[in-house]
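Remarks on the overall topology
Listed below, chain by chain, are the residues.
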Amino acid sequence: MAVQYSDPFVAWKKIYDEWEPHAAEAWNDFLTSETYSIISAQMMQAFLQMNQLISQTMKSVAEKSHLPSIDDMARLGEMVAAVDEKIDAIDERLIRVEETLKKIQGALESRTRPGQGGRGRRTASRDESPEDRELSGDAPSSGGEE
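Since the structure is predicted, the reported quantities are computational estimates derived from the model, not experimental observations. (Residues numbered from 1 in each chain as written. Predicted model: local features only at pLDDT ≥ 70, side-chain atom pairs only at ≥ 80, totals over all residues. Heavy atoms only, no water.)

1. Some words on unusual backbone geometry
- Phi angles above zero are rare outside glycine, and His66 is one such case at about 60°.
- Mapped onto the elements of the fold, His66 is located in the loop between α2 (34-64) and α3 (70-111). (Helix = DSSP H or I, 4+ residues; strand = E, 2+ residues; numbered from the N terminus.)

2. Some thoughts on a nonpolar patch on the surface
- Where nonpolar side chains cluster on the molecular surface, the patch consists of Trp27, Phe30, Leu31, Tyr36, Ile39 and Met43 and spans about 600 Å² of accessible area.
- Tracing the backbone through its elements, the reader meets Met43 in helix α2.
- When its relative accessible area of 58% is taken as the criterion, Met43 is described as exposed. (Patch = residues over 30% accessible without salt bridge, like charges linked within 9 Å, V, L, I, M, F, W, Y side chains within 5 Å. Areas by Shrake-Rupley, 256 points an atom, 1.4 Å probe, with all protein chains shown as cover. Salt bridge = Lys/Arg side-chain N within 4 Å of Asp/Glu carboxyl O. Buried < 20%, exposed > 50% of the residue type's maximum accessible area, 1.4 Å probe, protein only.)

3. Quick look at the packing of aromatic side chains
- The full count for this structure, using the stated rule, is three aromatic pairs.
- Arranged with centres 6.1 Å apart and planes meeting at 75°, the rings of Trp27 and Phe30 form a pair that is edge-to-face. Within this pair, Trp27 and its partner Phe30 are both found in helix α1 (residues 8-31), separated by three residues, close to a single helical turn.
- Given the relative accessible area of 32%, Phe30 is considered partly exposed.
- Centre to centre, the rings of Phe30 and Tyr36 are 5.4 Å apart; their planes meet at 70°, and the pair counts as edge-to-face.
- Taking relative accessible area as the criterion, Tyr36 reaches 31% and is therefore assigned partly exposed.
- Within the aromatic cluster, the residues linked to one another by ring pairs are Trp27, Phe30 and Tyr36. (Phe/Tyr/Trp six-rings, centres within 6.5 Å; stacked < 30°, edge-to-face > 60°.)

The analysis is restricted to geometry; functional conclusions fall outside its scope.
This is the structure in structure tokens:
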């Protein structure tokens, strides 16, 4: 004699099929009700208060533990950015100074007379006054030497 078992899933599906439309209607009524709106707002308020409390607690723990807070890290980031900008500005100024020095060096080299007795002596400019030549050492000496 063989024992026949009924399929438990058939009974479960039948119960579910009868229950689901009623449950969906009940949930829909609840989610569109004023009560749900009030409960939802209260839960959101509780969540925000808990979030603020945790944030304040973490900040206090960080301060007492001598650890940097998020605000400290943000301030540090701003200071690093400011230093970086200043370094960039100094770098640009140094590049301009180098270019100016190269121009000055080129001008000085173009004014020197190669192959004459005094190394690095400059030539007298036509629009240079005799006093300027004396100061630079290019003017002939007045003692009759030369």
